[in-house]
Amino acid sequence: MDQNLETKNKTYYSRLFRRFVFLTMICSLVPLLLAGWAINIHYSEFARERILKTLQTRVDYHKKIIELFLNENKTRLDFIVRTNSIEFLIKEGNLTHILNNINRDSWVLTDIGIIDENGAHAAYVGPYDLIDKNYSSTFWFREVMEKEIYTSDMFMGFRKEPHFIMAVIKKENGRRWILRATVNTDAFRSLVENVRIGRTGDVYILNSKGIYQTSPGSSGEILTQASGFNGEIHDDVKFRFLETHDRDVKVKKIVCETWLKDPRWLLVVRVGEKEFFEDIRHANRATLVSLHLSALIILIVTAFVTNHMVQVIKKRDSELEGMNNQLMQAGKLASIGELSAGVAHEINNPLAIIMTEHQLLLEAEKRAPITDPDFGEQFAGSLNQIGTQVRRCAQITKNLMKFARRTRSVIETININVFLREVIDLMEREAKSDGIAFKSVLDDTIPPILTDPSQLQQVFLNFINNAIDAHEEKGSGTITLSTCPAKDKTGISIIVEDTGSGIKDQDIEKIFDPFFTTKAPGRGTGLGLSICYSIVKQLGGQIQVESEIGKGTRFTLTFPFKPPEDLMNNV
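Residues numbered from 1 in each chain as written. Predicted model: local features only at pLDDT ≥ 70, side-chain atom pairs only at ≥ 80, totals over all residues. Heavy atoms only, no water.

Of all the positions in helix α4 (residues 139-147), only Trp140, Phe141, Val144 and Met145 are classed as buried. Looking straight down α4, one finds its buried side chains confined to an arc of 135°; they lie on one side. For α4, the elements touching its buried residues are β1 (109-115), β3 (149-151), β4 (165-172) and β5 (175-183). Following α4 by one or two positions, Glu148 adopts a phi angle in the positive range, close to 75°. (Buried < 20%, exposed > 50% of the residue type's maximum accessible area, 1.4 Å probe, protein only. Helix = DSSP H or I, 4+ residues; strand = E, 2+ residues; numbered from the N terminus. Arc of directions from axis to C-beta. Contact = heavy atoms within 4.5 Å.)

Below you can see the structure in the form of structure tokens.
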């Protein structure tokens, strides 16, 4: 039964612990995690948009830089043909001087030449042997003759290497002349790739047919066809997200595209998504680690706090159960006390009659002696037995009356150490005859207390008698009486400890019950400890008992310096 109750209590407290932890998680961790994840997602989206917007701005700005470079060179060529005559331009040394002036700060143009309307060179300055070349059949010659100002796509031409040219028409003396210049490919490529982002970023230019105009890095070669080109022309900056494979590993790329106005080239910036958003991912990881670490700390602290709370509740429940047991015990003792008073009163009347009849028989036997010796001896023995049993019944009723608190208390100031020494002197001879020695450990610093010495004597005599009886099986032992201040400093504690046979666990809760005894039949009435318990409670004290089978029992009695006010008022 007790084991089932203990199992139920353990299950109850475990369930209570889990409920507390679960409710704490619901009320604190779930909102924290939801809010943290929501903020993290919002921040990620916000940061992602800001980074893409920054990339868009940089690409748009770089587009304008490239357009400015191209327009600046076209404007230079247009200015040259407008401010100089053909005779001046084809005159030896003048074209060289112009090229040197253009490349004075940076090498912008590779060569420059004057071509007539038949496609032949009238003058040329540059590192290539092109003076005898005729361009009448080339695509760019036809384009410039039609548009008068033209920037070509990349092509191989007579040089057998990728380059592109700018050409401007000059009309003079009824003829048309072309001022053609080759843009320095390395300088242009350096300008294009100046917006490179990260370690894996690629920057390149495609023409309107999807042909690489600059080197695309690891994804292809110049003047080759780009894969996935759709040719859609738009004026703003657009993003595409694509997946590529690098050594059988899937790689996500961000592609930012914008079209130049003239020529219609597509500026492409391509960067790895993982590298591009690495800072965001790092911030997200730090945020999530901090968030979950905080949640873990909250969970651990919650577990410790909840465990402490459950232990406090368990302790309070245990104390409450003890108080309830004491209350039930006090109520039971009160009821039994009332019953005992009634029973003692009812028994005293027939006992008085029996004692009277016993006395009359004794007097009758004196007046008329019995002549038969055997009968006389039997008659005298019976009268003695009647007297003995009546006196025993009288003692039982007296104890019952004491248990029922019919004896009036006399409150005095006593030195508890002196009082205990007197008790030891009183019981020492009887204890020695049973092979039992007394030991006293008395604290001389404890002050006197107000109490009822007669009732207190009854209590300690009863405890000592029980301690002596507990050594019956051992034949010898020690009884120790100790005094010390109470733990709460509001009274004193008296300890009666023996080395007897001890009390079984299942009997400890019953030892203060009336008529409960572990002694053999005829050796005890079971009222001793009940009366002691009643007296101690009446004097405002408490009793605690500890026992171990085969090693002994320890009773701790705690008394206040002053008894309860109701007892003082009834003295």
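After presenting the structure, the write-up continues.
Moving on to the packing of aromatic side chains. Taken as a whole and assessed by the stated rule, the structure comprises 13 aromatic pairs. Taken together, a centroid distance of 5.1 Å and an interplanar angle of 65° make the contact between Tyr12 and Tyr13 edge-to-face. A relative accessible area of 38% means that Tyr12 is categorised as partly exposed. One aromatic cluster is present, built from ring pairs that chain together Phe69, Phe164, Phe188 and Trp265. (Phe/Tyr/Trp six-rings, centres within 6.5 Å; stacked < 30°, edge-to-face > 60°.)

The next subject is the side chain of His234. Inspection of the secondary structure assignment puts His234 in the loop between β6 (202-206) and β7 (238-246). Among the residues examined, His234 registers a relative accessible area of 9% and is labelled buried. Among the polar contacts made by the side chain of His234, one reaches the main-chain carbonyl oxygen of Asp236 at a distance of 2.9 Å. (Polar contact = N/O pair within 3.5 Å; in protein donor to acceptor, adjacent residues only side chain to side chain.)

In this structure, Pro263 follows Asp262 across a cis peptide bond, with omega equal to 0°. Within the element layout of this structure, Pro263 appears in the loop between β8 (249-259) and β9 (266-272). Of note, Glu148 is a non-glycine position whose phi angle comes to about 75°, a positive value. Along the chain, Glu148 turns up in the loop between α4 and β3.

Let us look at a nonpolar patch on the surface. On the surface, a cluster of nonpolar side chains totalling about 740 Å² of accessible area is made up of Leu293, Leu296, Ile297, Ile300, Val301, Phe304, Val305 and Met309. On the secondary structure map, Met309 appears in helix α7 (residues 278-367). (Patch = residues over 30% accessible without salt bridge, like charges linked within 9 Å, V, L, I, M, F, W, Y side chains within 5 Å. Areas by Shrake-Rupley, 256 points an atom, 1.4 Å probe, with all protein chains shown as cover. Salt bridge = Lys/Arg side-chain N within 4 Å of Asp/Glu carboxyl O.)

A word on the packing of helix α10 (residues 453-470) against helix α12 (residues 528-538). Between α10 and α12, the least distance of the axes is 9 Å, while the angle of their chain directions is 145°. As for the relative orientation of α10 and α12, their crossing is left-handed in sense. Between α10 and α12, the contacting residues are Gln455, Gln458, Val459, Asn462, Phe463 and Asn466 on the first element and Gly528, Leu529, Ile531, Cys532, Ile535, Val536 and Gln538 on the second. Taken together, the residues that form the contact of α10 with α12 break down as seven nonpolar, six polar and no charged. (Axes fitted to C-alpha atoms, helices over the stretch in contact; angles between N-to-C directions. Left-handed = near helix turned anticlockwise from the far one by under 90°. Nonpolar A, V, L, I, M, F, W, Y, C, P; charged D, E, K, R; others polar.)

Before going further, it helps to examine the environment of Lys74. The topology assignment puts Lys74 in helix α1 (residues 2-83). Remark: the alpha-carbon pair of Lys74 and Ala181, spanning 107 residues in sequence, is separated by 9.3 Å. Not counting residues up to four positions away in its chain, the partners in contact with Lys74 are Ile149, Thr151, Met166, Val168 and Asp262.

Turning our attention to the packing of helix α9 (residues 416-433) against α10. The geometry of α9 relative to α10 is characterised by a closest axis approach of 10 Å and an angle of 40° between their N-to-C directions. Here α9 lies oblique to α10, going by the angle between them. Where α9 crosses over α10, the handedness of that crossing is right-handed. Of the residues in α10, those touching α9 at Ile416, Phe419, Leu420, Val423, Leu426, Met427, Glu430 and Ala431 are Pro453, Leu456, Gln457, Phe460, Leu461, Ile464, Asn465 and Ile468. Within the contact of α9 with α10, the residues separate by chemical class into 13 nonpolar, two polar and one charged. (Parallel < 35°, antiparallel > 145°, perpendicular 65-115°, else oblique.)

Bringing the pattern of salt bridges into the picture now. The full count for this structure, using the stated rule, is 19 salt bridges. Between Lys170 and Glu172 there is a salt bridge, with its nearest N and O atoms 3.6 Å apart. When sorted by exposure, Lys170 lands in the same class as Glu172, which is buried. Residue Glu278 is joined to Arg285 by a salt bridge in which the shortest nitrogen-to-oxygen separation is 3.2 Å. For Glu278, a relative accessible area of 31% corresponds to the partly exposed category. On the basis of relative accessibility, which here comes to 42%, the residue Arg285 falls in the partly exposed class.

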